[in-house]
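What follows is the residue order along each chain.
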Amino acid sequence: MDNKKNEVFFETKKLTKKFGEVVAVNQVDMVIRTGEIRGLIGENGSGKSTISSMISAIHTVTDGEMLLYGTPYKPKDPGDARAHGITMIVQEMGTIDGLTIAENIFVGDEKRFAHHGIINRDEMNREAEKVLKNIGVTDVDVRKPASSYSLETRKLVEVAKSLYYDPILFIVDETTTALSQNGRKIIYRIIHELRDKGKAVLFISHDLEELINNCDVLTVLRDGKMVDTIEKADFDENRIKHSMVGREIKGDYYRSDFDGTHGEKVMLHAEHISNEVLHDVSITLHEGEILGLAGLSGCGMHQLGRALFGLDKVKEGRITAAGEAGSEVSISSVQDALNCRIGYISKDRDKEALVLPASIKENLLLPNLRKMGALISPRREKEYAQKQIDFLAIKCSSMNQAVGELSGGNKQKVSFGKWIGNNSKIIIMDSPTRGVDIGVKTTMYQLIARMKKEGYSILIISEEMPELIGMCDKILVMKDGKVTNAFNRDETLSEQQIIEYMI
Amino acid sequence: MKSITFIKRNRNNLVCYGSLALVIVLFAIITKGQIFSAYNLKSLAGQMVVLMIISIGMIFMFAHGTVDIASGAVAGLCTMIITLVLNATGNVPVSVLAAIVTAVALYLFMWFVTAYLGLMSIIASLAVMFIARGLVTYILSLNDGRINIIHYDMIQPLKSNVAYALIAMAVVAVIGILLFNYTRLGKYCKAIGDNPISAEQSGARLKLVKFWCYVIAGCCVGLASLFLLARSGNVGKNIGSGTEMDVMVAVILGGMNLNGGTKSRIGAAIAGVITNTLLSNGLTIAGVNQTYITLVKGIIFIVIIGMTLRQNKSVAEMPR
Ligand SMILES: Nc1ncnc2c1ncn2[C@@H]1O[C@H](COP(=O)(O)OP(=O)(O)OP(=O)(O)O)[C@@H](O)[C@H]1O
Ligand SMILES: [Mg+2]
């Protein structure tokens, strides 16, 4: 049965999910065939994660049914879904911090290494290494806790774990945005291999180029409803955008000018800094400049961002920022950075950027409290939060909703909104648009361009080449903890040129 | 459907005011209104003042994720400080100040141990509890097991005139509410309880915020010890013991989650202490034996913990 292609094997019938009065998924009829990569797209909060979570039994189904090979499919829990051959890489974190990498891979399935009730750790670790090697990951110590690895590595561990169970339906929810170029290559290779073996892949992403290049069919969701199915022959960027948003997206996406000039004043400066990851790095960020950092995983660009914000210590060298009265202030802690009006959008939104149980309002206000005076007026809080919610089109039931209940992209908007308009003059943005849909990305890019004109200094750390090329005055390429090359803003600059210096 | 979400969203509030309302109605019926006689209301205020002041201070500790079990012992030690200073100087404000300084010093010791030596806060507070208890026992043993207050007449009005208790509770409550709900300190405190990493990246200085929380807790314990002393009349070996548990029961009755974080509310202390005191007082008036009162409280405690725990689970329909 496995090797037949183009045969319907999975169906949903009027599949519906409600969270309280919010209808997240509304009567969706979808069919998935063997041997296809099915793209699932839609704006933030349109229900993509919710559908895939119901398929993999992370969420319960409110109404409707699912059929697997024509028979009703009612998985009890993710383990049960896995036993049916359905595995999923979740959008948010899917590994458990306290467990080792090996334990994470076999969590819930430790029995296979048990001999008379005692788990053979060596055997488990060896098997884990093998599982990781299968997808081409070799530089991970499976005995170390998951928390000691980056978001990217943990995601790859999840991928390895899912593949271990030989899925017939492999769901990838927004995973590529957590990965660097090399991690993405691994995912692309894997999903194509699965397709060629007659398995199916449900692939969720906001990156149209990635979807067009990899998918065979696209299913479009809007407000929880399925609105369109587009076959490969009809793939066209504008058509897809239009059916996603329901209207034409007007205006520029990235910055339209190619004027790479900026102010003379040095706002943030790192001189020959080194630590465990960075080796003799020097960078300068000027007033009104958008500086980009590009690189592969392990190149140290995320750590550089952390060091500039005072989160990671530097062993040698010095970081300085322009202080209030034109003085130079040295940055060695988060407090120093905040005093110099530096803001930082962390890539790891669940663990570092957001307080998940707290409300949208509370999260948006947290970095603003310093300038709200001794007694904070609830009315001002509400006004500020509402402004950000409207501007970034954060989809929520109210500003008092817990951030943890929001969809991935909407969480990212909150994380972005925290530092916008909070009187930071220098903003370090680590993957600022991770998981955000095209419509709001446009808003964010236009805002960043406007901030440049107003004299803000912005450092964008990103895995998205087009984003860097489209927005930055200057792009620094990093490799092995060093800055290896710099490109100035130029119409003719291509992704390929930059990538050459990354590898 | 709407009403269900409403209940879910406001479960803490429901626990808080629901149990308060329930207790009020229940005992109004059981005691045939006796519980609300003018006389009894006065005695209620007297009974709750110590617990109220300490609980309000402790909310700042619970909210940022510290469980403190030293409050009873520290309050006990403070009553002794007040007695000794009062006996020596005959000056009430000075002796209260001495008590507050002592309490704050002990709490700052806890703060130092947790913030700089990285010890778990509950262990630090356990240590302080033993230190404070040990000191009380030791000093008492030097004084034949009991210290009498020479100038008891100076603090006796705090017991006989309920206005003092009411004013003290009102002032502490207003300051507590302002600090907790309308200042950076309170807001940082809640954020730290949920996610210290994010709070720090957003500008909260973890050590400094905690420092002020410990100072607030210390001040409250020191002040409360004055009323504790006034009510007991002398310093005995067990003075103040068990207060820390009463605090926990009270704030949980008020709908507080002991893990802290964003759902922490200062109202939990206020409503919780009233509920807790009404409960003991009502059961006593209704003629229930003291031992059963503890039992009843224990059962209620477990029921409420069960409800709040379930809530945490239902929110966790997450990692998507
Ligand atoms: N646990 C929850 N409680 C309440 N509402 C929820 C919960 N989970 C999801 N929702 C709501 O359901 C809707 C759909 O969310 P979902 O995560 O499926 O969106 P998505 O399409 O994956 O978006 P994104 O592109 O941002 O990841 C959103 O409006 C979200 O706020
Ligand atoms: Mg999603």
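Residues numbered from 1 in each chain as written. Chains lettered and ligands numbered in written order. Predicted model: local features only at pLDDT ≥ 70, side-chain atom pairs only at ≥ 80, totals over all residues. Heavy atoms only, no water.

What to know about unusual backbone geometry
All names here are of chain A. Note the following rule: Each residue gets one of three labels from its accessible area relative to the maximum for its type: buried under 20%, exposed over 50%, partly exposed in between, using a 1.4 Å probe on protein chains only. The helix and strand labels rest on DSSP assignments: H or I over at least four residues marks a helix, E over at least two residues marks a strand, and numbering proceeds from the N terminus.
Within the chain, K14 stands out as a residue other than glycine whose phi angle is a positive 45°. Judged by its relative accessible area of 49%, K14 falls in the partly exposed class. Here the phi dihedral of Y69 falls at roughly 50°; this positive angle occurs in a residue that is not glycine. Note that Y69 resides in the loop between strand 4 (63–68) and strand 5 (71–72).

Some remarks on the interface of chain B and chain A
The condition is simple: Residue contacts are defined here by distance: any two heavy atoms, one from each residue, within 4.5 Å place the two residues in contact. Accessible area, probed at 1.4 Å, shrinks when two parts are joined; the buried area is that loss added up over both. A carboxyl oxygen of Asp or Glu within 4 Å of a side-chain nitrogen of Lys or Arg is what we treat as a salt bridge. For the purposes of these results, a polar contact is taken to be a pair of N or O atoms within 3.5 Å, where, inside protein, one atom must be able to donate a hydrogen and its partner to accept one; residues adjacent in sequence count only when each atom of the pair is a side-chain atom.
At the junction of the two partners, chain B supplies 28 residues and chain A supplies 46 residues. Overall, the association of chain B and chain A removes approximately 3,100 Å² of surface from exposure, summing both partners, and the carbon and sulfur fraction of that is 53%. Across the contact surface, chain B and chain A share one salt bridge. Linking chain B with chain A are 10 residue pairs in polar contact (both at pLDDT 80 or more), by the criterion used here.

Details of helix 10 (residues 184–194) of chain B
Where burial is concerned, most of helix 10 of chain B is hidden: eight out of the 11 residues are buried. Regarding helix 10 of chain B, the residues found buried are L185, G186, K187, Y188, C189, K190, A191 and I192 of chain B.

Quick look at empty space enclosed by the protein
A probe as big as a water molecule, rolled over the atoms, marks out the empty space that is left. Residue and element names in this part refer to chain A. Heads up, the condition is: Cavity means a closed set of points on a 1 Å grid over the protein atoms alone, one where a 1.4 Å probe fits but cannot get out, pocket means an open set with protein on both sides within 12 Å along at least 5 of 7 lines, and lining means a residue has an atom within 4 Å of a point. Grid points are joined across faces, edges and corners, and a volume is the space filled by probe spheres set on the points. Three categories are distinguished: nonpolar for Ala, Val, Leu, Ile, Met, Phe, Trp, Tyr, Cys and Pro, charged for Asp, Glu, Lys and Arg, and polar for the others, with Gly belonging to the last. Residue ranges labeled as domains rest on an automatic or database domain assignment.
The tally for this structure, following the rule as stated, stands at two cavities of 30 Å³ or more. Each pocket or cavity is described by its volume, and for the largest cavity that value is around 90 Å³. As for the largest cavity, its lining consists of 15 residues, and the residues nearest its centre are T177, T433, R434, G435 and E464. Residues belonging to the lining of the largest cavity are distributed by class as follows: two nonpolar, seven polar and six charged. Two domains each put at least three residues into the lining of the largest cavity: domain 1 (8–245) and domain 2 (266–499). A volume near 60 Å³ is recorded for the second largest cavity. What lines the second largest cavity is simply Q91, E92, M93, L151, K155, A178, D348, R349, D350 and R434. Elements represented by at least two residues in the lining of the second largest cavity include exactly helix 5 (151–164) and helix 11 (349–353). Its residues placed into classes, the lining of the second largest cavity shows three nonpolar, one polar and six charged. Two domains each provide a minimum of three residues to the lining of the second largest cavity, namely domain 1 (8–245) and domain 2 (266–499).

Considerations on the layout of surface pockets
Residue and element names in this part refer to chain A. Considered as a void within the structure, the second largest pocket measures approximately 1,000 Å³ in volume. In terms of lining, the second largest pocket is formed by 37 residues, of which the most central are Y149, S150, L151, T153 and Q303. Sort the elements by how many residues they give to the lining of the second largest pocket and helix 5 lands first, with five residues. Both domains that meet at the lining of the second largest pocket, namely domain 1 (8–245) and domain 2 (266–499), each give it at least three residues.

Details of the domain arrangement of chain A
Residues and elements named next belong to chain A. Taken as a whole, chain A is organised into domain 1 (8–245) and domain 2 (266–499). Between the C-alpha centres of domain 1 and domain 2 there is a distance of 29 Å. Across the contact, 25 residues belong to domain 1 and 22 residues belong to domain 2. Sorting the residues of domain 1 by area buried against domain 2 places N44, E92 and Q181 first, and these three jointly supply 28% of that buried surface. In this structure, the connection of domain 1 to domain 2 is made through six salt bridges. Note that K411 and E92 form a salt bridge whose closest N and O atoms lie 3.4 Å from each other. For the pair domain 1 and domain 2, the number of links is 11 residue pairs in polar contact (both at pLDDT 80 or more). Among the secondary structure elements, those contributing two or more residues to the side of domain 1 that touches domain 2 are helix 5, helix 6 (181–196) and helix 8 (237–245). Taken together, the residues of the side of domain 1 that touches domain 2 break down into six nonpolar, nine polar and 10 charged.

A few points about the coordination of the magnesium ion (ligand 2)
For a metal with four tetrahedral donors the ideal donor-metal-donor angle is 109.5 degrees, whereas six octahedral donors ideally subtend 90 or 180 degrees. All names here are of chain A. As a reminder of what qualifies: Distances decide who is a donor: an N, O or S atom must be within 2.8 Å of the metal, or within 3.2 Å for Na, K and Ca. Water is not included, so sites may look incomplete.
Around the magnesium ion (ligand 2), the donor atoms from the protein are S49 (OG) and Q91 (OE1), and they sit 1.9 to 2.1 Å away. Of this pair, S49 sits in helix 1 (residues 48–55) while Q91 sits in the loop between strand 6 (86–89) and helix 3 (101–105), placing them 42 residues apart in sequence. You'll find S49 and Q91 in the same group, each marked buried.

Focus: a negative patch on the surface
All names here are of chain A. Applied cut-off: Patch membership requires more than 30% relative accessible area and the absence of a salt bridge. Residues of like charge join within 9 Å; the nonpolar side chains Val, Leu, Ile, Met, Phe, Trp and Tyr join within 5 Å. The Shrake-Rupley method, run with a 1.4 Å probe sphere, supplies the accessible areas, and residue values consider only the shown protein chains as cover. Under this rule, positive means Lys or Arg and negative means Asp or Glu; His and the chain ends count for nothing. Working definition for charges: the position is that of NZ of Lys, CZ of Arg, CG of Asp or CD of Glu.
A cluster of like negative charges, contributed by E209, D236, E237 and E495, occupies part of the molecular surface. Positionally, E209 belongs in helix 7 (residues 208–214). Relative accessible area serves as the criterion here: at 44%, E209 is assigned to the partly exposed category.

Some remarks on the pairing of strand 10 (residues 200–204) of chain A
Residue and element names in this part refer to chain A. The condition that has to hold: Two strands pair under a simple rule: DSSP has to find at least two bridges between them. Orient the strands so they point away from the viewer; a crossover is then right-handed if the path from the first strand over the helix to the second runs clockwise.
By the criterion of burial, strand 10 is predominantly enclosed, with five of the five residues buried. Judged from the four bridges that link them, strand 3 (residues 37–42) and strand 10 form a sheet pairing that is parallel. From the neighbouring strand, L40 faces strand 10, where its bridge partner is I204. As paired elements, strand 9 (residues 169–173) and strand 10 share five bridges and run parallel to each other. Within the sheet, the bridge partner assigned to L169 lies in strand 10 and is A200. A crossover links strand 9 with its parallel partner strand 10, the connecting element being helix 6, and its sense is right-handed.

A short note on the side chain of S56 of chain A
Position of S56 of chain A among the secondary structure elements: in the loop between helix 1 and strand 4. The contact partners of S56 of chain A, leaving out residues within four places of it in the chain, are P78, A81, I86 and M88 of chain A.

Topic: the sheet that holds strand 4 of chain A
Residues and elements named next belong to chain A. Keep this limit in mind: To obtain an axis, a line is fitted to C-alpha atoms, over the contacting stretch when the element is a helix, and the angle between two such axes runs from 0 to 180 degrees between their N-to-C directions.
In space, the four strands of this open sheet follow the order 2-1-4-5, with antiparallel pairing throughout. In this open sheet, the two strands that pair with only one neighbour each are strand 2 (22–33) and strand 5. Note: strand 1 (residues 8–19) against strand 4, five bridges, orientation antiparallel. Opposite T12, over in strand 4, you have M66 as the bridge partner. Along the sheet face, helix 1 touches strand 1, strand 2 and strand 4 and points at about 65° away from the line of strand 2.

Things to note about the packing of aromatic side chains
Inclusion rule: Stacked, edge-to-face and tilted labels apply to pairs of Phe, Tyr and Trp rings (six-membered ring for Trp) whose centres lie within 6.5 Å, assigned for plane angles under 30 degrees, over 60, and everything in between, in that order. A ring is considered to have a charge above it if a Lys NZ or an Arg CZ atom is located within 6 Å of its centre and within 35 degrees of its normal.
Counted by the stated rule, this structure contains 16 aromatic pairs over all chains. With 5.6 Å between their ring centres and 45° between their planes, F9 of chain A and Y69 of chain A make a pair best called tilted. Highlighted residues: F9 of chain A in strand 1 and Y69 of chain A in the loop between strand 4 and strand 5, separated in sequence by 60 residues. Their ring planes at 90° and their centres at 5.2 Å tell us that F211 of chain B and W212 of chain B sit as a pair that is edge-to-face. Since its relative accessible area comes to 22%, F211 of chain B is described here as partly exposed. Of the aromatic side chains, those joined through ring pairs into one cluster are W111, F112, Y116, F211 and W212 of chain B. The ring of Y253 of chain A carries the charged tip of K241 of chain A above its face, separated from the ring centre by 5.7 Å.

Let's talk about the nonpolar core
To keep it simple, the criterion reads: Side-chain atoms within 4.5 Å are what join buried Ala, Val, Leu, Ile, Met, Phe, Trp, Tyr and Cys residues into a set we call a nonpolar core.
Ranked by size, the top nonpolar core spans 181 residues in total, and within it I342 and I498 of chain A together with V74 of chain B carry the most contacts. Looking at which element gives the most residues to this core, the answer is helix 3 (residues 38–63) of chain B, with 16 residues. The contacts of V74 of chain B, once residues within four sequence positions are left out, are A103, L106, Y107, V128, A132 and V221 of chain B. Grouped together as the second largest cluster of nonpolar side chains are 45 residues, F106, Y149, V201 and L211 of chain A included.

Here's the deal with the sheet that holds strand 22 (residues 482–488) of chain A
Residues and elements named next belong to chain A. Read from one edge to the other, the open sheet built from six strands follows the order 18-19-20-15-21-22, with strand pairing classed as mixed. Edge positions in the sheet fall to strand 18 (342–345) and strand 22, since each of these pairs with one other strand and no more. Neighbour-to-neighbour, the strand axes of this sheet turn through a mean angle of 20°, independent of strand direction. Pairing of strand 15 (residues 290–295) with strand 20 (residues 457–461), which is carried by four bridges, proceeds in the parallel orientation. Of the residues in strand 20, the one forming a bridge with L291 is L459. On the sheet, helix 17 (residues 495–502) packs against strand 15, strand 21 (474–479) and strand 22 and is oriented at approximately 30° with respect to strand 21.

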